[in-house]
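Report on the structure
So you can see what is in the structure, the chains are spelled out below.
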Amino acid sequence: MRPATPALPLPAAVSARLLAPADAAALAALRLAVLGGARDETAALGQQIAARDRNLMAGAFGPDDSLLAACAVHWADPHPAVAHKALLWGLVVVPEWRRLGLARAVTQLALEQAFARGARRVNLQVYLPNAAAVALYRSLGFEAWGTEPEALWAEGRFQDCLNMSLASPHAASR
Ligand SMILES: CC(C)(COP(=O)(O)OP(=O)(O)OC[C@H]1O[C@@H](n2cnc3c(N)ncnc32)[C@H](O)[C@@H]1OP(=O)(O)O)[C@@H](O)C(=O)NCCC(=O)NCCS
């Protein structure tokens, strides 16, 4: 595994922290602004943030305390056979604040917390093409292990999905 690219300092007056249930409405608004859609996810996201044994969500906040970026990690199954695996999802950055290191900052915070909580491996899926996300994940040390063809029908076309995985720096070798 190659070493992850270190995080650049965040822009002045931007700070990163884990989200609390009170941030659910801001997270729903951020996701709506970046991803579109019509569904209000506030209640569902609030429940997820509150379920701390299965989820963690990192966010970057701007000068006026507005949520600018977010990244989540989810433990899908507590069964001991698979509890070592977590899924990284929901990385979004508002368009006006891109290329400033916010995605790297929230993803690194989410990964640090996931590994500190004992995740041995963090997996993710990225729908292609998404050169920006793939470059970020590779720079953080994620390795691609396979592509699922036609994983999603969206925006009028089938999209392939790249599977990527990152081992915990604390995990002993197999
Ligand atoms: C992908 C996304 C999260 C990147 O956010 P960002 O804050 O601009 O990213 P950062 O500034 O932290 O950049 C981190 C790295 O990502 C890569 N990257 C980011 N934007 C890129 C772009 N437009 N083209 C190529 N690489 C890019 C680079 O490797 C960059 O490192 P560098 O600045 O040292 O070159 C953002 O564009 C976004 O929200 N896209 C829509 C949602 C999405 O695709 N989420 C990922 C789902 S898997």
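Before reading on, note that the structure itself is shown above.
Residues numbered from 1 in each chain as written. Predicted model: local features only at pLDDT ≥ 70, side-chain atom pairs only at ≥ 80, totals over all residues.

1. Remarks on the overall build of the chain
Spelled out, the test is: Only runs of H or I of at least four residues qualify as helices and only runs of E of at least two qualify as strands under DSSP, and these elements are numbered from the N terminus. Our radius of gyration looks at C-alpha atoms and nothing else; its globule reference is 2.2 Å times the residue count to the power 0.38. Exposed residues have 12 or fewer other C-beta atoms within 10 Å of their own C-beta, buried residues have 20 or more, and partly exposed residues fall in between, where C-beta atoms are placed from the backbone. Throughout, a pair of residues is in contact if the C-beta atoms placed from their backbones lie within 7 Å.
Check the secondary structure of the chain and you find four helices and seven strands. In the chain, the order of α-helices and β-strands from amino to carboxyl end is β-α-α-β-β-β-α-β-α-β-β. On C-alpha atoms alone, the chain measures out to a radius of gyration of 16 Å, which is about the 16 Å that the 2.2 N^0.38 rule sets for 174 residues. With the principal axes as the frame, the chain shows a C-alpha extent of 45 × 40 × 30 Å. Going through the 174 residues of the chain one by one, you find that 28% of them count as buried. Counting only contacts in the chain whose residues sit at least 6 apart along the sequence, the fraction spanning at least 24 positions is 62%.

2. Details of the site of the ligand
Selection criterion: Contact assignment follows one rule, namely that a residue is near a molecule or strand if its backbone-placed C-beta atom lies within 6 Å of it. Side-chain classes are defined by residue name, with Ala, Val, Leu, Ile, Met, Phe, Trp, Tyr, Cys and Pro counting as nonpolar, Asp, Glu, Lys and Arg as charged, and the others, Gly among them, as polar.
The environment of the ligand is formed by 19 residues, the closest being Arg-98, Ala-103, Ala-132, Ala-135 and Leu-136. Going through the elements one at a time, β4 (85–93), α3 (102–116) and α4 (131–139) are the ones with two or more residues in the shell around the ligand. By residue class, the composition of the shell around the ligand is 13 nonpolar, three polar and three charged.

3. Some remarks on the environment of Trp-153
One can find Trp-153 in strand β6 (residues 143–154). Trp-153 gets classed as exposed once you count the C-beta atoms within 10 Å, which come to 9. Along the backbone, Trp-153 and Asp-23 are 130 residues apart, and their C-alpha atoms lie at a distance of 31 Å.

4. Focus: the nonpolar core
Worth spelling out the cut-off: Each nonpolar core consists of buried Ala, Val, Leu, Ile, Met, Phe, Trp, Tyr and Cys residues. Their C-beta atoms, within 7 Å, join them into a set.
Residues Ala-58, Ala-69, Ala-70, Val-106, Ala-110 and Ala-114 are the most contacted members of the largest nonpolar core, which totals 43 residues. Elements represented by at least two residues in this core include exactly α1 (24–35), α2 (42–50), β2 (55–61), β3 (67–74), β4, α3, β5 (121–127) and β7 (157–167). Considering every element that reaches this core, the biggest residue donor is α3, with nine residues. Residues in contact with Ala-70, not counting those within four places in the same chain, are Leu-27, Leu-30, Met-57, Ala-58, Gly-59, Gly-90, Val-92 and Val-106.

5. Here's the deal with unusual backbone geometry
With an omega dihedral of 0°, the bond running from Leu-128 to Pro-129 counts as a cis peptide bond. Mapped onto the secondary structure, Pro-129 falls in the loop between β5 and α4. For Asp-65, which is not glycine, the phi torsion reads 65° and is therefore positive. With respect to the helices, strands and loops of the structure, Asp-65 is situated in the loop between β2 and β3.

Keep in mind these values describe shape, not function.
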